[in-house]
Every structure is written in structure tokens, then in C-alpha cells.
Amino acid sequence: MTDIAIRPARPEDLEVVAELRWRWVEELYGTSSTPLDEFVPRFVAWAEENRSSHRCLVIARGDVVIGMAWLVIVQRVPHPRAFERASGDVQCVYMLPEERNGGLGGRLIDAVLALGRDLGLERVTVHSSDQAISAYSRHGFTSSPRLLQAHVRQSAG
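Remember, it's a predicted structure, so these values are computed and weren't measured experimentally. (Residues numbered from 1 in each chain as written. Predicted model: local features only at pLDDT ≥ 70, side-chain atom pairs only at ≥ 80, totals over all residues. Heavy atoms only, no water.)

Quick notes on the sheet that holds strand β1 (residues 4-8)
Our working definition: Two strands qualify as a pair provided that DSSP identifies no fewer than 2 bridges between them. Numbered from the N terminus, helices here are DSSP runs of H or I no shorter than four residues, and strands are runs of E no shorter than two. Interaxial angle, 0 to 180 degrees, is taken between N-to-C directions of lines fitted to C-alpha atoms, where a helix line uses only the stretch in contact. In this analysis, two residues are considered to be in contact whenever any of their non-hydrogen atoms come within 4.5 Å of each other.
In space, the five strands of this open sheet follow the order β1-β2-β3-β4-β5, with mixed pairing throughout. Here the strands that pair on one side only, and so sit at the sheet edges, are β1 and β5 (124-126). Mean inter-strand twist for the sheet, computed between neighbouring axes without regard to direction, equals 25°. Alignment of strand β3 (residues 64-75) against strand β4 (residues 86-95), held across eight bridges, turns out to be antiparallel. Counterpart to G67 in the pairing with β4 is M95. Its contacts with the sheet place helix α3 (residues 104-118) against β1, β2 (54-61), β3, β4 and β5, and it is angled at close to 145° to β2.

Put into C-alpha cells, the structure is as follows:
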């Protein structure tokens, strides 16, 4: 485990991060209609354009990136007791299948939460898959009856 490092993604990591995102979507939903060679440069450009609000952490074994997690920072409306306010949302946590179930994903979650603390965020949320709820719970996430959501995108068809 001594060759494992968790760090902010570097510009040169973004193509690999895009490929991880591609693999994750294929794993869940099957083959995409967008070819990988089209997705990667668009994803890299998006990541570069959004780097102030979307922070990517990678976990690497030596020089090989084996997982990622994104912390999205959302500025909140000021109030008289706290003018500077922000919260975070964990997105796109993914570990290569062969690297799962060894505690590395948990270390990545802890690193995202530490980044949130360092940034002074009020809270960090996550929209979890059913399979990952227990992992997030082990690292301090709890259910909230006050956090509600509404689906506003109309489905095609």
C-alpha cells in the first residue's frame, strides 16, 4: 500500500480520468453512442473549463491512476451570520474493478471529505448507488429527511 497516493488530478491525468468515466458508464449501461476517441477530448476540455467548481482527486498506484472522485463546489446564498458559504457534492467516484474491496475507495472518500473541510464547506452530499450506500455510511455520510430532490428533466418519448 505504500505506493498508493491520493492527489488532485493533474492536467496530464485528465485523459485517463475521462477513460475511467467512460469505463464506468459502459460498466453500468453498456456501450455508449459516443465513441471513446470523441468523448476523451470533450471531457478533458470540460474538466479544464470547470476546474474551479469541479475538483478531481485521483488515486494512483505508482504512476497508474486506478480511481477518481469529484467534489463539486456550490456557492450558497449569503446570510447575515455567514456571508461566504459553500457546500459540496461528491460525484463520479470510481475505482477500477480489480482495485475494489480493498479499502482504497474508502481512502478516496476520506480524501474528498478532507478536501471539503480544507475548503471550509458547510456540508458534503452524495447521490449514491444502492451498492455504495454502506461505503459512504462507513465514512460519515448519513441520510437526511430534509434533503429532497425533484427530477425536472423531461424524459424523451
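What follows continues from the structure just given.
Considerations on the nonpolar core
For the record, the criterion: Nine residue types can take part in a nonpolar core, namely buried Ala, Val, Leu, Ile, Met, Phe, Trp, Tyr and Cys, and a core is a set of them joined through side-chain atoms within 4.5 Å. When a residue's accessible area, from a 1.4 Å probe over protein chains only, is under 20% of the maximum for its type it is buried; when over 50% it is exposed; and in between it is partly exposed.
Grouped together as the largest cluster of nonpolar side chains are 36 residues, with contacts concentrated most on M68 and W70. The leading source of residues in this core is β3, at seven residues. Non-local contacts of W70, meaning those with residues more than four positions away in its chain, are made with V17, F43, W46, A47, H54, R55, C56, D89, V90, Q91 and C92.

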